[in-house]
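Each chain, letter by letter, is given below.
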Amino acid sequence: MAACRRGFLVQNLVHDALFELLADQREPRSAAEISTALGRQHPERTIKATVVRTTLEGLVARNQAQRTKQGTSVFYTSPDASGPAAQTEDSSQQAD
């Protein structure tokens, strides 16, 4: 039971930290870049890249992050990161 509880706590830490990282960034980032940034923010923890990727995909599934693909690369952003740019584009098209 203790191992299950510990896993839950680690998962929540990663989830919350990733959500904050995505909210703070202004451009799409790869899972590797996000994993590196997470490691810098929490040097006392060892978080595997696979855990970061899985958690990012979970955020995407719950519409708390967006995934974009460019060729074979996958990038992640906060859902709000693309919102203002998309609104500006839509409003300029309406003005024409």
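A brief structural summary.

Re the side chain of His-15
And then number 1: Residue placement: His-15 occurs in helix α1 (residues 2–24).
And then number 2: A distance of 3.2 Å separates polar atoms of two side chains, one belonging to His-15 and the other to Arg-62.
And then number 3: In terms of polar contacts, His-15 uses its side chain to reach the side chain of Gln-64, at 3.3 Å.
And then number 4: Once residues lying within four places of it in the same chain are set aside, the contact partners of His-15 are Thr-55, Leu-59, Arg-62 and Gln-64.

Remarks on the sheet that holds strand β1 (residues 29–30)
And then number 1: Reading across the sheet, the three strands line up as β1-β3-β2 and stay open at both edges, with antiparallel pairing between neighbours. For this open sheet the edge positions go to β1 and β2 (66–70), each flanked by a neighbour on one side alone.
And then number 2: Across five bridges, the pairing between β2 and strand β3 (residues 73–77) is antiparallel. Its bridge partner lying in β3, Arg-67 is registered against Tyr-76.

So, the pairing of β3
Residues in a regular strand project their side chains so that they alternate between the two faces of the sheet.
And then number 1: Across two bridges, β1 lies against β3 in antiparallel orientation. Each bridged residue has a counterpart across the sheet, and for Ser-30 the counterpart in β3 is Phe-75.
And then number 2: Counting the residues that bridge the hairpin from β2 to β3 gives two residues, and of these Gly-71 lies at a positive phi of roughly 70°.

As for the environment of Arg-67
And then number 1: Looking at the secondary structure, you find Arg-67 in strand β2.
And then number 2: For Arg-67, a relative accessible area of 38% corresponds to the partly exposed category.
And then number 3: Separated by 10 residues in sequence, Arg-67 and Thr-77 have C-alpha atoms that sit 6.7 Å apart.
And then number 4: With near-sequence residues (within four places) excluded, Arg-67 lies in contact with Glu-57, Val-60, Val-74, Phe-75 and Tyr-76.

Quick word on the side chain of Ser-30
And then number 1: For Ser-30, the location among the structural elements is in strand β1.
And then number 2: Discounting residues that sit within four places of it in the chain, Ser-30 has contacts with Val-74 and Phe-75.

Examining the packing of helix α2 (residues 31–41) against helix α3 (residues 49–61)
And then number 1: At their nearest, the axes of α2 and α3 sit 9 Å apart, and the two run at 115° to each other. With respect to their mutual orientation, α2 and α3 come out roughly perpendicular. Here α2 runs over α3; the crossing is right-handed. Contacts between α2 and α3 involve Ala-31, Ile-34, Ser-35 and Leu-38 on the former and, on the latter, Ala-49, Val-52, Arg-53 and Leu-56.
And then number 2: Its residues placed into classes, the contact of α2 with α3 shows six nonpolar, one polar and one charged.

Here is what the cut-offs are and how they apply
Residues numbered from 1 in each chain as written. Predicted model: local features only at pLDDT ≥ 70, side-chain atom pairs only at ≥ 80, totals over all residues. Heavy atoms only, no water. Helix = DSSP H or I, 4+ residues; strand = E, 2+ residues; numbered from the N terminus. Polar contact = N/O pair within 3.5 Å; in protein donor to acceptor, adjacent residues only side chain to side chain. Contact = heavy atoms within 4.5 Å. Pairing = 2+ DSSP bridges. Buried < 20%, exposed > 50% of the residue type's maximum accessible area, 1.4 Å probe, protein only. Axes fitted to C-alpha atoms, helices over the stretch in contact; angles between N-to-C directions. Parallel < 35°, antiparallel > 145°, perpendicular 65-115°, else oblique. Left-handed = near helix turned anticlockwise from the far one by under 90°. Nonpolar A, V, L, I, M, F, W, Y, C, P; charged D, E, K, R; others polar.

Nothing here speaks to function; it is geometry throughout.
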